[in-house]
Amino acid sequence: MAKKKASSGGTFRKFIVVLVIVLVILLAVTGINYYFKYFGPNVTGKQEYLYIHTDSKFDDVYKTIKEQGIVKDTATFLSAAQNMNYINRVKPGRYRLHEGMTNRRLINMLASGTQEPVTLAFHNLRLKEQFAGFVSKKIEPDSTAIINLLDSASFLEKYGFTTDNVYTMFLPNSYQLYWNTSPEKFFKKMYVSYEQFWTPERVQKAAAINLTPIQVSILASIVDAEALHDDEMPTIAGLYLNRMKKGMKLEADPTIIYALHDFTIKRVLTRYLSYNSPYNTYLHTGLPPGPIMMPSVNAVNDVLDYKKSDYIYMCAKEDFSGYHNFATNVADHLANAHRFQQALNERNIKK
């Protein structure tokens, strides 16, 4: 009987040992699985950013992650996302990825909406359609959505702009914003910058030359289009202000080119001058209804700080240096114009 009891006790101990070993293995496997699910490196580095569009659901995000090979093991990512309740916390945005990121770190970033801002830098864009196209390459809304907003008279009226002059609001600079910024939020951000730019001092300078900030920017767009060299802009601005004070037409060639929307023109011919457009300053006195390009900040400041002179005429120099000959009277202007026209003929520039 004693031997049987000893044998029974030994069997039990063996069972306990085996059970402990099995439990240890199970715990080890569970631990390893837990580690790889949450803390093991999983992001591949094949993509620099993960873009999650507005109104995306988890299935959309998961599909993108699989199709773009963003993680090595999609099964562990899916399991971790479910356990961390990311499925119900999807936020749109542009998320910076780093090779070797863990599922836990990736999901925490996505669920918290910790995205990297976009840097938007623009200048010298001629048309607002070009501007909308450029911006749409940097943020989620497409160019049509941006243009539709800029063509909405009721929306712009709330901010004191029209569909013709709204382009004066966009000041060339570098801006930071989130990729999923809506057209309305983008507009409001630009408006805040516009308001900050137009300090009481600048508004006072504008009033001193009988112009509103919008009118200053419209004139600045003409000055900018005329001037190849920034150091000439204060003189050109002063010349146009002289013409406006005298009630003369601006007769600015760049406004003809803009009216025709033919930016290949190098020589403004007489037949162009009768083209019927509110932007044709050879036909209409005063400023056109809107800017003919996005004026630089320098051009705006040079209108406000224009150079005083008696000049009322100018013509490009015949040496094609990009500078101008200025004149106070018709006779001198015609002589300058004749020299320039001869130079054009010698170079066979007909249009």
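Everything in this summary refers to the structure shown in the same document.

Rules used throughout
- Residues numbered from 1 in each chain as written.
- Predicted model: local features only at pLDDT ≥ 70, side-chain atom pairs only at ≥ 80, totals over all residues.
- Heavy atoms only, no water.
- Helix = DSSP H or I, 4+ residues; strand = E, 2+ residues; numbered from the N terminus.
- Contact = heavy atoms within 4.5 Å.
- Buried < 20%, exposed > 50% of the residue type's maximum accessible area, 1.4 Å probe, protein only.
- Axes fitted to C-alpha atoms, helices over the stretch in contact; angles between N-to-C directions.
- Parallel < 35°, antiparallel > 145°, perpendicular 65-115°, else oblique.
- Left-handed = near helix turned anticlockwise from the far one by under 90°.
- Nonpolar A, V, L, I, M, F, W, Y, C, P; charged D, E, K, R; others polar.
- Phe/Tyr/Trp six-rings, centres within 6.5 Å; stacked < 30°, edge-to-face > 60°.
- Lys, Arg positive; Asp, Glu negative; His and termini not counted.
- Salt bridge = Lys/Arg side-chain N within 4 Å of Asp/Glu carboxyl O.
- Polar contact = N/O pair within 3.5 Å; in protein donor to acceptor, adjacent residues only side chain to side chain.
- Core = buried A, V, L, I, M, F, W, Y, C linked by side-chain atoms within 4.5 Å.

**Some points on the environment of N124**
Right, on to step 1. Tracing the sequence through the fold places N124 in the loop between β3 (118-122) and α5 (128-136).
Right, on to step 2. Measuring from C-alpha to C-alpha, the distance between N124 and S221 comes to 9.7 Å, with 97 residues separating the pair along the chain.
Right, on to step 3. If we skip the residues at most four places from it in the chain, N124 touches D224, M293 and M294.

**Notes on the environment of V330**
Right, on to step 1. With respect to the secondary-structure elements, V330 resides in helix α14 (residues 330-346).
Right, on to step 2. The class for V330 is partly exposed, based on a relative accessible area of 44%.
Right, on to step 3. Between the C-alpha atom of V330 and that of Y313, which follows or precedes it by 17 residues, the distance is 7.6 Å.

**Let's talk about the packing of helix α6 (residues 143-150) against helix α8 (residues 183-197)**
Right, on to step 1. Between α6 and α8, the least distance of the axes is 10 Å, while the angle of their chain directions is 60 degrees. On the basis of the axis angle, α6 is oblique to α8. Relative to α8, α6 is oriented so that their crossing is right-handed. Here A145, L149 and L150 of α6 come into contact with α8, specifically with P183, E184 and F187.
Right, on to step 2. Of the residues in the contact of α6 with α8, the class split is five nonpolar, no polar and one charged.

**With respect to the packing of aromatic side chains**
Right, on to step 1. For the structure shown, the criterion picks out 25 aromatic pairs.
Right, on to step 2. Note on Y159 and Y191: the rings are 4.9 Å apart at their centroids and 70 degrees apart in plane angle, and the pair reads as edge-to-face. Within this pair, whereas Y159 is found in the loop between α7 (153-157) and β4 (173-177), its partner Y191 is found in helix α8, the two being separated by 32 residues in sequence.
Right, on to step 3. Judged by its relative accessible area of 18%, Y159 is buried.
Right, on to step 4. Between the aromatic rings of F197 and W198, the centroid separation amounts to 5.6 Å while the plane-to-plane angle is 90 degrees, which identifies the pairing as edge-to-face.
Right, on to step 5. Assessed through its relative accessible area of 11%, F197 is described here as buried.

**Topic: the side chain of D224**
Right, on to step 1. Position of D224 relative to the elements: it lies in helix α10 (residues 213-226).
Right, on to step 2. Comment: no salt bridge for buried D224; closest opposite-charge side chain is R126, at 10 Å.
Right, on to step 3. A distance of 2.7 Å separates a polar side-chain atom of D224 from the backbone nitrogen of S296.
Right, on to step 4. For D224, the residues in contact, after removing those within four places along its chain, are N124, M233, M293, M294, P295, S296 and A299.

**Regarding the pattern of salt bridges**
Right, on to step 1. Inspection of every chain in the model, using the stated rule, returns eight salt bridges.
Right, on to step 2. Salt-bridge contacts for R96 lead to E116; the nearest nitrogen and oxygen are separated by 3.3 Å. Residue R96 is located in strand β2 (residues 93-96), and its partner E116 is located in the loop between α4 (103-112) and β3; the two are separated by 20 residues in the primary sequence.
Right, on to step 3. On the basis of relative accessibility, which here comes to 28%, the residue R96 falls in the partly exposed class.
Right, on to step 4. Shared partners join several salt bridges into a network, and the residues in it are E48, R94, R96 and E116.

**Some remarks on helix α13 (residues 297-304)**
The α-helix advances 3.6 residues per turn, and as a result positions three or four apart in sequence lie on the same side.
Right, on to step 1. For α13, a buried count of six out of eight residues is recorded, marking the element as mostly surrounded by other parts of the structure.
Right, on to step 2. Packing partners of the buried residues in α13 comprise α8, α9 (200-208), α10 and α11 (233-245).

**Looking at the nonpolar core**
Right, on to step 1. With 62 residues, the main nonpolar core has F122, F131, F161, F170, F186, F187 and Y240 as its most contacted residues.
Right, on to step 2. Element by element, the count of residues in this core is highest for α10, at seven residues.
Right, on to step 3. Apart from residues lying up to four places away in sequence, F131 is in contact with F122, L125, Y167, F170, F186 and M294.
Right, on to step 4. Ranked by size, the runner-up nonpolar core spans 22 residues in total, among them I70, F77, L106 and I107.

**Some remarks on the environment of A252**
Right, on to step 1. The residue A252 is located in the loop between α11 and α12 (253-260) in this model.
Right, on to step 2. Under the relative-accessibility criterion, A252 is labelled buried at 0%.
Right, on to step 3. Setting aside residues no more than four positions away along its own chain, A252 makes contact with I222, E226, Y240, T281 and Y282.

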